[in-house]
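Read off the chains here:
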Amino acid sequence: DAFQVDGGDAAIVYDTGVITNSSGYSVLVQNNTGTVNMNGTTTTDTGGRGVKVTNSLNQTTLGKLTLNNSIGNAFEISNSTGGVTLLDELLISNAADDSFVINNYSGSFTAQKTVTINGRNQVGINLLDINSGGRVNFADTVTIAGVNAGGVDDHAINFQSSEGWA
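### Thoughts on the packing of aromatic side chains
This model, assessed by the stated rule, comprises six aromatic pairs. Where phenylalanine 75 meets phenylalanine 100, the ring centres are 5.0 Å apart and the plane angle is 10 degrees; that geometry is what we call stacked. Pair noted here: phenylalanine 75 is in strand 8 (residues 75–80) and phenylalanine 100 is in strand 11 (residues 100–105), with a separation of 25 residues, a long-range link. Considered together, phenylalanine 75 and phenylalanine 100 belong to a single accessibility category, that of buried residues. An aromatic cluster of three or more residues is present, and its members are Phe75, Phe100, Phe109 and Phe138.

### Notes on the sheet that holds strand 8
Overall, parallel pairing links the seven strands, which are arranged 1-4-6-8-11-14-17 in an open sheet. A strand with exactly one partner marks an edge of an open sheet, and here the two such strands are strand 1 (3–6) and strand 17 (157–160). Neighbour-to-neighbour, the strand axes of the sheet open up by a mean angle of 5 degrees, direction not taken into account. Where strand 6 (residues 50–54) meets strand 8, four bridges bridge the pair, whose relative direction is parallel. Within the sheet, the bridge partner assigned to threonine 54 lies in strand 8 and is serine 78.

Scoring rules and cut-offs
- Residues numbered from 1 in each chain as written.
- Predicted model: local features only at pLDDT ≥ 70, side-chain atom pairs only at ≥ 80, totals over all residues.
- Heavy atoms only, no water.
- Phe/Tyr/Trp six-rings, centres within 6.5 Å; stacked < 30°, edge-to-face > 60°.
- Helix = DSSP H or I, 4+ residues; strand = E, 2+ residues; numbered from the N terminus.
- Buried < 20%, exposed > 50% of the residue type's maximum accessible area, 1.4 Å probe, protein only.
- Pairing = 2+ DSSP bridges.
- Axes fitted to C-alpha atoms, helices over the stretch in contact; angles between N-to-C directions.

Put into structure tokens, the structure is as follows:
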């Protein structure tokens, strides 16, 4: 993994930098109670596992993300109560599984800039089990364009089994 936080309650700040990745996760934040602030970073993942925030109990802030040809879900938040904010653009192309997933979440997610998904192979945006305290907000334009052979039977946007709001 290129950038990993596993546990702890530190306030981690990586506010200007470039992450280029082609295997494992470009960003993996898991099991943490501290904050992670990557507000000025640019992350490009080509052929890796993309970005995942899981079992996070506090705020994670990310900069610009370009996720190409991810071997699983390109962007995933799961089993978390901490907020996640994307301060810059998110571009996902040709993820092998779902492009964007939030599952079992009771935090507050906000994408402040454009979200673009090209060439999806399964669900474009998959929102599952957003709990009653959960919130998902896309503050700017969301574009889902192009369906590869694997995605023809899947939804561009799926909102399922949720009490929270999107």
